[in-house]
Amino acid sequence: VLTLTDLQILWQSTSSSTSAVTNAPTRGLTKGVSIFLGGEDEVFSLEAALNLGYQFNPYLEIGAGLGLDFYDFELDDIPLYGYARLNLSKREKHLFLDGKWGGDLYDMDALMGFSIGYCFGAFDLAFQYLNYSGENESYNGGYYGGYYATYSYSETEIGVTARFRF
């Protein structure tokens, strides 16, 4: 015969074990969509990307992403990158660190970014630092001829990234 105390102990043990155990995948394919909102100087930046990765264990995910980056609502970059994500806990809700490295298919720039964020289950929110760097060539013409000048540049963006996993 079960008493009220037995039922209470049974309920507490099942509810506490489900809240402590993660529902996040420990191994397997991961898919997601991410949206970055940020800026550089006075320019608004919006990036939408598709991500495909593999979760090796509860802590490590490695994958790739492809996106479209808009500055002031005009297409400016097409980033293609690899990423590594380190989850700092096995729980469903946890902090994580993320790094991405790659390039821009539109301008052939190099891309590097880092973020720190919080996972809410199937939804992530992170603060992100991005840097695009490359070289440009310009022609300075004059009446008697001109010359080409090559210069290096670096663009830094800071913003917020939201990622939805499905």
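Everything quoted here is computed from the prediction, not taken from an experiment. (Residues numbered from 1 in each chain as written. Predicted model: local features only at pLDDT ≥ 70, side-chain atom pairs only at ≥ 80, totals over all residues. Heavy atoms only, no water.)

A. Examining the pairing of strand β4 (residues 74–77) more closely. Bridge count between strand β3 (residues 60–71) and β4: 3 bridges; the pairing is antiparallel. Its bridge partner lying in β4, D69 is registered against D77. Here β3 folds back onto β4 in antiparallel fashion, the turn holding 2 residues, of which D72 has a positive phi close to 50°. (Pairing = 2+ DSSP bridges. Helix = DSSP H or I, 4+ residues; strand = E, 2+ residues; numbered from the N terminus.)

B. Structural detail: the packing of aromatic side chains. Scanning the model with the defined rule gives 6 aromatic pairs in all. Relative to F164, the ring of F123 lies with its centre 5.1 Å away and its plane at 40°, an arrangement referred to as tilted. Taken together, the residues F123 in strand β8 (residues 123–142) and F164 in strand β9 (residues 145–165) connect sequence positions 41 residues apart. The exposure class of F123 is partly exposed, given its relative accessible area of 28%. Here the aromatic cluster, defined as three or more aromatic residues joined through ring pairs, consists of Y118, F120, F123 and F164. (Phe/Tyr/Trp six-rings, centres within 6.5 Å; stacked < 30°, edge-to-face > 60°. Buried < 20%, exposed > 50% of the residue type's maximum accessible area, 1.4 Å probe, protein only.)

C. Quick look at the pairing of β3. Going residue by residue along β3, you find E61, G63, G65, G67, D69 and Y71 tucked away on one face and L60, I62, A64, L66, L68 and F70 left uncovered on the opposite face. Here strand β2 (residues 43–55) pairs with β3 via 11 bridges, running antiparallel. Following the sheet pairing, G53 is matched in β3 by G63. The hairpin turn running from β2 into β3, its antiparallel successor, is 4 residues long. As paired elements, β3 and strand β5 (residues 79–87) share 7 bridges and run antiparallel to each other. Of the residues in β5, the one forming a bridge with G63 is Y83.

Any functional reading would require information beyond the geometric quantities listed.
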